[in-house]
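The residues making up each chain are set out below.
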Amino acid sequence: MQKLRSTASTRASSLHMGEFRDTEYNFVNEDSPKLGNTRKVSVIPLVFLIFYEVSGGPFGIEDSVQAAGPLLAILGFLIFPFIWSIPEALVTAEMGTMFPENGGYVVWVSSALGHFWGFQQGWMKWLSGVIDNALYPVLFLDYLKSGIPDFGGGLPRTVVVLILTVALTYMNYRGLNIVGWMAVFLGVFSILPFILMGLVAIPKLQPSRWLQVDIHNVNWSLYLNTLFWNLNYWDSISTLAGEVDNPKRTLPKALFYALILVVVGYLYPLLAGTGAIPLDRESWTDGYFSDVAKIVAGVWLRWWVQGASALSNMGMFVAEMSSDSYQLLGMAERGMLPEFFSKRSRHGTPLVGILFSASGVLLLSWMSFQEIVAAENFLYCFGMILEYVAFIKLRLSHPNASRPYKVPLGTAGCILMIVPPTILICVVLALASFKVMIVSIIAMLIGSVLQPCLKQVEKKKLLKFTLNSDLPDFRESEHESAVESLIA
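Residues numbered from 1 in each chain as written. Predicted model: local features only at pLDDT ≥ 70, side-chain atom pairs only at ≥ 80, totals over all residues. Heavy atoms only, no water.

**Considerations on helix H2 (residues 43-54)**
And step 1. Its twelve residues give H2 an end-to-end C-alpha distance of 16 Å, which sits within 8% of 16 Å, the value for a rise of 1.5 Å per residue.
And step 2. In terms of burial, H2 is largely enclosed, as ten of its twelve residues are buried.
And step 3. Pro45, Leu46, Val47, Phe48, Leu49, Ile50, Phe51, Tyr52, Glu53 and Val54 are the residues of H2 that are buried.
And step 4. Those residues of H2 hidden inside the fold are in contact with helix H8 (176-201), helix H9 (220-230), helix H10 (247-276) and helix H12 (299-333).
And step 5. Once H2 ends, the next one or two residues include Gly56, with phi positive near 90°. (Helix = DSSP H or I, 4+ residues; strand = E, 2+ residues; numbered from the N terminus. Expected span 1.5 Å × (residues − 1). Buried < 20%, exposed > 50% of the residue type's maximum accessible area, 1.4 Å probe, protein only. Contact = heavy atoms within 4.5 Å.)

**As for the packing of aromatic side chains**
And step 1. Taken as a whole and assessed by the stated rule, the structure comprises 20 aromatic pairs.
And step 2. Ring plane angle 90° and centroid distance 6.5 Å describe the contact between Phe80 and Phe228, whose orientation is recorded as edge-to-face. Residue Phe80 is found in helix H3 (residues 62-98), and its partner Phe228 is found in helix H9; the two are separated by 148 residues along the sequence.
And step 3. Measuring from ring centre to ring centre gives 5.6 Å for Phe194 and Phe289, while their planes differ by 85°; the resulting arrangement is edge-to-face. Here Phe194, found in helix H8, pairs with Phe289, found in helix H11 (residues 288-297); they are 95 residues apart in sequence, far enough to count as distant. As far as the burial class goes, Phe194 and Phe289 line up, both buried.
And step 4. Among the aromatic residues, ring-to-ring pairing joins Phe80, Trp84, Phe228, Tyr233, Tyr380 and Tyr388 into one connected group. (Phe/Tyr/Trp six-rings, centres within 6.5 Å; stacked < 30°, edge-to-face > 60°.)

**Considering the environment of Leu328**
And step 1. Mapping Leu328 onto the fold places it in helix H12.
And step 2. Taking the relative accessible area as the measure of exposure, Leu328 reaches 7% and is therefore buried.
And step 3. Along the backbone, Leu328 and Pro338 are ten residues apart, and their C-alpha atoms lie at a distance of 9.8 Å.

**What to know about the nonpolar core**
And step 1. Counting 128 residues, the largest nonpolar core has Ile50, Trp84 and Trp234 as its most contacted members.
And step 2. With 14 residues, H3 is the largest single contributor of residues to this core.
And step 3. Setting aside its immediate chain neighbours within four residues, Ile50 contacts Trp234, Ile237, Ala254, Leu255 and Ala258.
And step 4. Formed by six residues, the second largest nonpolar core is a distinct cluster that contains Phe140, Val161, Leu164 and Ala310. (Core = buried A, V, L, I, M, F, W, Y, C linked by side-chain atoms within 4.5 Å.)

**Quick notes on the packing of H3 against H10**
And step 1. Viewed as axis vectors pointing N to C, H3 and H10 meet at an angle of 180°, and their least axial separation amounts to 10 Å. With respect to each other, H3 and H10 are oriented roughly antiparallel.
And step 2. Of the residues assigned to the contact of H3 with H10, the class counts are 20 nonpolar, five polar and one charged. (Axes fitted to C-alpha atoms, helices over the stretch in contact; angles between N-to-C directions. Parallel < 35°, antiparallel > 145°, perpendicular 65-115°, else oblique. Nonpolar A, V, L, I, M, F, W, Y, C, P; charged D, E, K, R; others polar.)

**What to know about the pattern of salt bridges**
And step 1. A full pass over the atoms with the stated rule returns ten salt bridges.
And step 2. Here Arg344 makes a salt bridge to Glu243, at a shortest N to O gap of 3.2 Å. Taken together, the positions of Arg344 in the loop between H12 and helix H13 (351-364) and Glu243 in the loop between H9 and H10 put the pair 101 residues apart, joining distant regions of the chain.
And step 3. The salt bridge partner of Glu458 is Lys455, with a shortest N-O separation of 3.4 Å. Of the two residues, Glu458 and Lys455 are both situated in helix H16 (residues 434-459); the distance of three residues between them amounts to about one turn of the helix.
And step 4. Here the residues in one salt-bridge network are Glu94, Arg395 and Arg403, joined through shared partners. (Salt bridge = Lys/Arg side-chain N within 4 Å of Asp/Glu carboxyl O.)

**Observations regarding H11**
And step 1. Within H11 the residues assigned to the buried category are Tyr288, Phe289, Ser290, Val292, Ala293 and Val296.
And step 2. With its phi angle positive at about 120°, Gly298 sits one or two positions after the end of H11.

**Some words on the packing of helix H5 (residues 115-133) against H16**
Each pair of packed helices can be summarised by the angle the axes make with each other and by the distance between the axes.
And step 1. For the pair H5 and H16, the least separation of the axes is 9 Å and the interaxial angle reads 130°. Classified by the angle their axes make, H5 and H16 are oblique. Handedness of the crossing formed by H5 with H16: right-handed. Of the residues in H16, those in contact with His115, Phe116, Phe119, Gln120, Trp123, Met124 and Leu127 of H5 are Ala443, Met444, Ile446, Gly447, Ser448, Leu450, Gln451 and Leu454.
And step 2. For the contact of H5 with H16, the per-class residue count stands at ten nonpolar, five polar and no charged. (Left-handed = near helix turned anticlockwise from the far one by under 90°.)

**Let's talk about a nonpolar patch on the surface**
And step 1. Together, Val188, Leu192, Ile195, Leu196, Leu199, Ile202, Phe256, Tyr257, Ile260, Val264, Tyr268 and Trp300 line one region of the surface with nonpolar side chains, adding up to about 1100 Å² of accessible area.
And step 2. Sorting the residues of the nonpolar patch by element identifies H8 and H10 as the ones contributing at least two each.
And step 3. Tracing the chain through its elements places Tyr257 in helix H10. (Patch = residues over 30% accessible without salt bridge, like charges linked within 9 Å, V, L, I, M, F, W, Y side chains within 5 Å. Areas by Shrake-Rupley, 256 points an atom, 1.4 Å probe, with all protein chains shown as cover.)

Any functional reading would require information beyond the geometric quantities listed.
Below, the structure is given as structure tokens:
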């Protein structure tokens, strides 16, 4: 069982962030149940957890066609992964194996830039994750309302959102391994109807429809936000690294397989849908793939797509909530949050983190789809800037630290790799509406005030803060590597 010590009495040690040194990670508090029998997540469930963190299927990509037409939508999902997804996935693979613990990107930023910025990273990422999770009940009901109009608004919609949130929150409570294999089942069920839709659509395909574009009639803000939202969050899996079986091997492999699954999962139905039916850009809104399925194959496939959407949104919900709640647990183990956030349930899950994340989802579920996407993208962008800065700074300041997986580029190459996504981040931020910008800036200001307030709470001992003493120090690991190389 892990030893815990007060951060007040071990402040010097708390400045040393964790690093993987082939040690076994069992993050358990003294008051928590033993987790020796808790099964770690293997590669197949991890692939589908990443799939649901990032994508969950083509549900929600319809706005890219409405915003820019078929050609730009297809090109976007072809080119955007090289600009954004691959660099983010590579950074996650290196940093996630360097720091395989549940703090994830919070630990990366803390190690490079200090506790204040680490906390800001945790606040912005947790908030953007909760905002993102508020989308899934909205998308779920958008797909069902064409068949059940009562779900379009009012009391029935509110009741369904509440029931969904409670039921899926319980799934997270029962354990991450259950969530992982649930994601596998949901992923297969959600992908199958689009495979069938593509096959049925082959005789109806007209490739000339893919080339339709009106460059003077493009909603760039909606277009970029849709691409960005559907191809980001690769780093979210890092907050579950402490629960992964052999993360130094499993994490990079799972990220690679998930990247292929996500990109193909977008392009295949997009090519089928835009190529098989005449273009009506205004119809391409959330849930339109169910109508495409009906036009191409009949009502039976429409119902399957709607059911797949419902289950896919459940998968995205539980995956995102897992990431958000384990992030809070990891921050508590680093002494950034009160100790009660690190308490685990009898199933080994972060009970308080789950409850906090579920409460945030319920509070934000009233927002519209496009408002949610724009708000979480804005916060997510600032978090990614901190991650990229931390990535490069650790490459420069600790070049010899253990990195079980290392991006096969030198430091200069890594800097060049993150230039395009950084430019894209600036564009997304610039295109944000005034309302989204103000709300997001207020949220960031709250984070900047919250961290010093928590330090005062700790100083006055109003709440107990603890530091996990078993988290290794990557500086010690780096020193050992240097000594070994000198002896050799």
